[in-house]
Amino acid sequence: QVQFVESGGGLVQPGGSLRLSCVASGFTFSSYVMTWYRQAPGKERELVAGIASAGAITTYADSVKGRFTISRDNAKNTVYLQMNSLNSEDTAVYYCNAVPRFGVWGQGTLVTVSS
């Protein structure tokens, strides 16, 4: 069965950095575009970043462009999200998924940006 396990979140001060990881299983990871989503309190889940199956092409939401970097290691079935210059608007639970999106979600990892 498809499974996503996100980790790496935590409390960070404005301007700080975090690196999120997501280990995927139950499908052929290297064949799928992978994505990161986030859901802030009281808001809908939004797409943050995506990366092509071989990693050569990436895409970002305007709100994170230039600050976040998505990457992947197909040998480890893992997708990463390096987040720099964090601000309070980045506070959210972060999830990974694939394209096409699977109907299952992991538990997510909470990122809290606060002084």
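Described below are features of the structure shown in this document. No experiment lies behind these values; they were computed from the predicted model shown.

Brief notes about the side chain of Thr 91
As for its placement among the helices and strands, Thr 91 is situated in the loop between strand 8 (78–83) and strand 9 (92–99). Looking at Thr 91, its side chain comes within polar contact range of the main-chain nitrogen of Val 113, at 2.9 Å. For Thr 91, the residues in contact, after removing those within four places along its chain, are Ala 40, Pro 41, Val 111, Thr 112 and Val 113.

What about the sheet that holds strand 4 (residues 33–39)?
Spatially, 2-10-9-4-5-6 is the arrangement adopted by the six strands of the open sheet, whose pairing is mixed. Only two strands of the sheet have a single partner each, and these edge strands are strand 2 (10–12) and strand 6 (58–60). Taken pair by pair, the neighbouring strands of this sheet meet at an average axis angle of 25°, ignoring direction.

Things to note about the pairing of strand 9
Buried residues dominate strand 9, accounting for six of its eight residues. Both strand 4 and strand 9 contribute to a ladder of seven bridges, which runs antiparallel. Along strand 9, the bridge assignment pairs Gln 39 with Val 93. Pairing of strand 9 with strand 10 (residues 109–113) involves three bridges; the strand directions are antiparallel. Within strand 10, the residue paired with Ala 92 across the bridge is Val 111.

Topic: the sheet that holds strand 3 (residues 18–25)
Here four strands make up an open sheet; going across it, the order is 1-3-8-7 and the pairing antiparallel. Lying at the two open borders of the sheet, with one neighbouring strand each, are strand 1 (3–7) and strand 7 (68–73). Mean inter-strand twist for the sheet, computed between neighbouring axes without regard to direction, equals 15°. Taken together, the six bridges between strand 3 and strand 8 define a ladder with antiparallel strand orientation. What sits directly across from Arg 19, in strand 8, is Gln 82.

Some thoughts on the state of the cysteines
The full count for this structure, using the stated rule, is one disulfide. Two residues share a disulfide in this structure: Cys 22 and Cys 96, whose sulfurs sit 1.7 Å from each other. Within this pair, whereas Cys 22 is found in strand 3, its partner Cys 96 is found in strand 9, the two being separated by 74 residues in sequence. Cys 22 gets classed as buried once you look at its relative accessible area, which sits at 0%. Relative accessible area serves as the criterion here: at 0%, Cys 96 is assigned to the buried category.

Procedures and definitions
- Residues numbered from 1 in each chain as written.
- Predicted model: local features only at pLDDT ≥ 70, side-chain atom pairs only at ≥ 80, totals over all residues.
- Heavy atoms only, no water.
- Helix = DSSP H or I, 4+ residues; strand = E, 2+ residues; numbered from the N terminus.
- Polar contact = N/O pair within 3.5 Å; in protein donor to acceptor, adjacent residues only side chain to side chain.
- Contact = heavy atoms within 4.5 Å.
- Pairing = 2+ DSSP bridges.
- Axes fitted to C-alpha atoms, helices over the stretch in contact; angles between N-to-C directions.
- Buried < 20%, exposed > 50% of the residue type's maximum accessible area, 1.4 Å probe, protein only.
- Disulfide = S-S within 2.5 Å.

The values reported here are purely geometric and, on their own, carry no functional implication.
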